Amino acid sequence: MLEYDSANRPPPVIDEFIQLVRYRDLIFLMVENILKNRYKRSVLGIFWMLLNPLLQTIVLTIAFGTMFKSSLPNYAIYLLSGLLAWNFITQTTQYAMSTMAYGGGLLKRIYIPRATYIVAAVGNGLINLLVSISSLVIIIIFLSHPITVAWLFLPVSILILTIFVLGFALLLSTASVFFTDTVDIYQVLIQALFFLTPIMYPASILPAELAQLLTLNPFVILIEIFRVPIYANHLPDSGLIINSMLLAFITLASGWILFTSRADQLAYRL
Amino acid sequence: MMNNTAIELNNVTVRFRIPHENIPTLQEYAIRWLKRRSVSYSDFNALNNISFSIKQGETVGIIGANGAGKSTLLKVISRVIRPTQGRVYLRGRIAPLLELGAGFDSEMTGRENIFLNGAVLGFSRKDIAERLDRIIDFSGISDFIDAPIRTYSSGMVARLGFAVATDVQPDVLVIDEILSVGDADFQKKSAARIFEYNQNGSTILVVSHNPASIRQLCAYVIWLEHGHIKMMDLVDDVINHYSSLLP
């Protein structure tokens, strides 16, 4: 028989995980519903997911493609592969934060695991990423860019990104519940970071001092780990793999610990 | 602890912290910190050292003025908030009828929402699929089950929520205000179901402002005032005292 004893439960770090597993069907349903709601009423349906990055790439390629013609052949592929990783990170974290800050009302009405919304947001972002990869493939075929065995590394890259995004979303969502302007501050920071990360331009155009500073930007290695197998057609070097894995796991661990240790206060704060 | 205890609270305190000024943003917080002005808080105990124990199968009413702590008590029992101090113990599955249709998504159909609401209540998809027909049947809105919930009347939404939440007999049933779900027919049907569950051993917890309906349904009553238990006894004793204080 089920028992609930508030004075006698596993530590929050473990308890939250157990509860999430118990409520896994809720997470799947939430992801399904987000997707259904978003695309049900539009005529083009799921094709919006494909069309959106395609249009974005076309516009930016027309604008900047000629500028990097010599250093970046097949600019569209360089751009879109970086953009997909970037969008996955930023859109998912923003979405997770806003569902927590504005849509978390359910958490104070009925018991569900506190991280449900965040995990569902990451699941939704992951599906968006996978769908947009197919629009990337369309461009690759169109430009007859080679697809090599390096693509086999891509699932690992996506896994690293997902682990990072989940941890980052947990950190940001906790902050956004305690300080509602976190959402706005993050928005501004992201806009600045977009131009400080080599997505639209090659890292080689930066002066040496600036390139040094770039190593402090954690997004750089996350974009790279995803872009290298697609654009450069070789495996990421071992340093890049280790660094990005470390970054992802440390982010998830700290996000998970912070979130679960504050989870009990969420119903009071929301 | 007796073996047939359904709910037990030991010295439960729930404390809310109320900041004197409103500082929900990091910006405000930073400004205050720079000015070396600390943020002042005051604490408010919504529940104060509450202890009681309810045996399996009992029907217990909770009465008290607005702000006495009734909702907080139900929330702490149904696990929505964790007590600041003390211990809450609950045996079995709890069905909170406070929030009928919690998690309903107005864009989705009634059928999809049965699954969603069921998952919010902790049931697996497979569970719900097996009981889907029975739930739709009880709700009495099978003609509209594939229409989006936004097209439903509030009565229909509540009926669907009630049907999902009570489809399986819970060990503890928590009810806010005696149910007034849907039309007279459905009210009769839902009351009958609650009565039947109680006969079969479900513990029932009811919050109400209406002494008459408490008297009708409950054997015991907890009277809350300012987060304390003012009185807890057999229904007639408490209601007589309570009513004598009402104007």
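1. Points about the layout of surface pockets
Part 1: Approximately 580 Å³ is the volume found for the second largest pocket.
Part 2: Sort the elements by how many residues they give to the lining of the second largest pocket and helix H1 (residues 12–22) of chain A lands first, with four residues.

2. Notes on the side chain of Thr 57 of chain A
Residue and element names in this part refer to chain A.
Part 1: Within the element layout of this structure, Thr 57 appears in helix H3 (residues 47–64).
Part 2: The buried category is assigned to Thr 57, whose relative accessible area is 1%.
Part 3: Sequence-distant contacts of Thr 57, that is, excluding residues within four places in its chain, are made with Ala 76, Leu 79, Leu 80 and Ile 139.

3. Structural notes on the sheet that holds strand S6 (residues 172–176) of chain B
All names here are of chain B.
Part 1: The six strands are arranged S5-S6-S7-S3-S8-S9 in an open sheet whose pairing can be described as mixed. The open sheet is flanked by strand S5 (94–96) and strand S9 (228–234), the only strands paired with a single partner. When the angles between neighbouring strand axes are averaged without regard to direction, this sheet yields 15°.
Part 2: Of the strand pairs in this sheet, S6 and strand S7 (residues 203–207) are connected by five bridges, and their pairing is parallel. Bridged to Val 172 within S7 is Thr 203.
Part 3: Seen against the sheet, helix H8 (residues 235–245) touches strand S3 (59–63), strand S8 (220–225) and S9 and runs at an angle of roughly 130° to S9.

4. Regarding the pattern of salt bridges
In a structure, side chains of opposite charge can pair up when their charged atoms sit close to one another.
Part 1: Within the structure shown, the criterion is met by 14 salt bridges over all chains.
Part 2: Taking the shortest distance from any N to any O, the salt bridge between Glu 32 of chain A and Arg 125 of chain B comes out at 3.1 Å. Highlighted residues: Glu 32 of chain A in helix H2 (residues 24–40) and Arg 125 of chain B in helix H4 (residues 125–139), drawn from two different chains.
Part 3: The partly exposed category is assigned to Glu 32 of chain A, whose relative accessible area is 31%.
Part 4: The exposure class assigned to Arg 125 of chain B is partly exposed, which follows from its relative accessible area of 29%.
Part 5: The partner of Arg 227 of chain A in a salt bridge is Glu 224 of chain A, with the nearest N and O atoms 2.8 Å apart. Of the two residues, Arg 227 of chain A and Glu 224 of chain A are both situated in helix H9 (residues 218–232); the distance of three residues between them amounts to about one turn of the helix.

5. A few points about the environment of Leu 116 of chain B
Part 1: Along the chain, Leu 116 of chain B turns up in helix H3 (residues 110–120).
Part 2: Judged by relative accessible area, which is 5%, Leu 116 of chain B ranks as buried.
Part 3: In this structure, the C-alpha to C-alpha distance between Leu 116 of chain B and Gly 101 of chain B, residues 15 residues apart in sequence, is 9.2 Å.
Part 4: Those residues in contact with Leu 116 of chain B that sit more than four places away from it in its chain are Leu 26, Leu 29 and Asn 33 of chain A together with Gly 103 and Asp 105 of chain B.

6. Quick notes on the packing of H4 of chain B against helix H5 (residues 154–165) of chain B
All names here are of chain B.
Part 1: Orientation of H4 relative to H5, taken along the N-to-C sense of each, is 140°, at an axis distance of 8 Å. With respect to H5, the axis of H4 lies oblique. When the axes of H4 and H5 are compared, the crossing they make is right-handed. On H5, the residues that touch Ile 135, Phe 138 and Ser 139 of H4 are Arg 159, Leu 160, Phe 162, Ala 163 and Val 164.

7. Details of the side chain of Asp 15 of chain A
Part 1: Turning to its location among the elements, Asp 15 of chain A is positioned in helix H1.
Part 2: Discounting residues that sit within four places of it in the chain, Asp 15 of chain A has contacts with Arg 9 and Pro 10 of chain A together with Arg 79 and Arg 82 of chain B.

8. What to know about unusual backbone geometry
Residue and element names in this part refer to chain B.
Part 1: For Arg 79, which is not glycine, the phi torsion reads 75° and is therefore positive.
Part 2: Mapping Arg 79 onto the fold places it in the loop between helix H2 (70–77) and strand S4 (85–91).
Part 3: Judged by its relative accessible area of 18%, Arg 79 is buried.

9. A closer look at the nonpolar core
Part 1: Membership of the largest hydrophobic core comes to 75 residues, with the highest contact counts inside it found for Leu 26, Met 100 and Ile 112 of chain A together with Ile 63, Ile 114 and Leu 160 of chain B.
Part 2: In terms of nonpolar packing, the next biggest core, distinct from the first, is built from 55 residues, Leu 72, Trp 151, Ile 163 and Val 165 of chain A among them.

10. Observations regarding empty space enclosed by the protein
Part 1: Evaluation of the coordinates by the stated rule reveals two cavities of 30 Å³ or more.
Part 2: Estimates place the volume of the largest cavity at around 190 Å³.
Part 3: The wall of the largest cavity is formed by 18 residues, among which Arg 9, Tyr 111, Arg 114 and Asp 264 of chain A together with Arg 82 of chain B lie closest to the centre.
Part 4: Broken down by secondary-structure element, the contributors of at least two residues to the lining of the largest cavity are H1 and helix H10 (238–269) of chain A.
Part 5: Split by residue class, the lining of the largest cavity holds nine nonpolar, two polar and seven charged.
Part 6: The calculated volume of the second largest cavity comes to roughly 40 Å³.

11. Overview of the interface of chain A and chain B
Part 1: The interface of chain A with chain B comprises 38 residues on the first partner and 45 residues on the second.
Part 2: Approximately 3,800 Å² of surface area, both sides summed, lies buried where chain A meets chain B, with 53% of it carried by carbon and sulfur atoms.
Part 3: Of all residues in chain A, the largest losses of buried area upon contact with chain B belong to Tyr 4, Arg 109 and Tyr 268 of chain A, amounting jointly to 21% of the total for that side.
Part 4: Between chain A and chain B we count four salt bridges in total.

12. A short note on the packing of aromatic side chains
Two aromatic rings are characterised by how far apart their centres lie and by the angle between their planes.
Part 1: Applying the stated criterion to the full structure yields 14 aromatic pairs over all chains.
Part 2: Taken together, a centroid distance of 5.6 Å and an interplanar angle of 55° make the contact between Trp 86 of chain A and Phe 194 of chain A tilted. Here Trp 86 of chain A, found in helix H4 (residues 75–103), pairs with Phe 194 of chain A, found in helix H7 (residues 182–196); they are 108 residues apart in sequence, far enough to count as distant. Neither Trp 86 of chain A nor Phe 194 of chain A differs from the other in exposure class; each is buried.
Part 3: Counting every residue linked through ring pairs, the aromatic cluster contains Trp 86, Phe 164, Phe 168, Tyr 186, Phe 194, Phe 195 and Phe 219 of chain A.
Part 4: The ring of Phe 123 of chain B has Arg 131 of chain B sitting right over it, with the charged end atom 4.6 Å from the ring centre.
Part 5: Between the NZ or CZ atom of Lys 189 of chain B and the centre of the ring of Phe 138 of chain B, over which it lies, the distance is 4.8 Å.

Procedures and definitions
- Residues numbered from 1 in each chain as written.
- Chains lettered and ligands numbered in written order.
- Predicted model: local features only at pLDDT ≥ 70, side-chain atom pairs only at ≥ 80, totals over all residues.
- Heavy atoms only, no water.
- 1 Å grid on protein atoms, 1.4 Å probe; cavity = no way out; pocket = protein on both sides within 12 Å on 5 of 7 lines; lining within 4 Å.
- Points joined across faces, edges and corners; volume = space filled by probe spheres on them.
- Helix = DSSP H or I, 4+ residues; strand = E, 2+ residues; numbered from the N terminus.
- Buried < 20%, exposed > 50% of the residue type's maximum accessible area, 1.4 Å probe, protein only.
- Contact = heavy atoms within 4.5 Å.
- Pairing = 2+ DSSP bridges.
- Axes fitted to C-alpha atoms, helices over the stretch in contact; angles between N-to-C directions.
- Salt bridge = Lys/Arg side-chain N within 4 Å of Asp/Glu carboxyl O.
- Parallel < 35°, antiparallel > 145°, perpendicular 65-115°, else oblique.
- Left-handed = near helix turned anticlockwise from the far one by under 90°.
- Core = buried A, V, L, I, M, F, W, Y, C linked by side-chain atoms within 4.5 Å.
- Nonpolar A, V, L, I, M, F, W, Y, C, P; charged D, E, K, R; others polar.
- Buried area = accessible area lost by both parts, 1.4 Å probe.
- Phe/Tyr/Trp six-rings, centres within 6.5 Å; stacked < 30°, edge-to-face > 60°.
- Lys NZ or Arg CZ within 6 Å of the ring centre and 35° of its normal.

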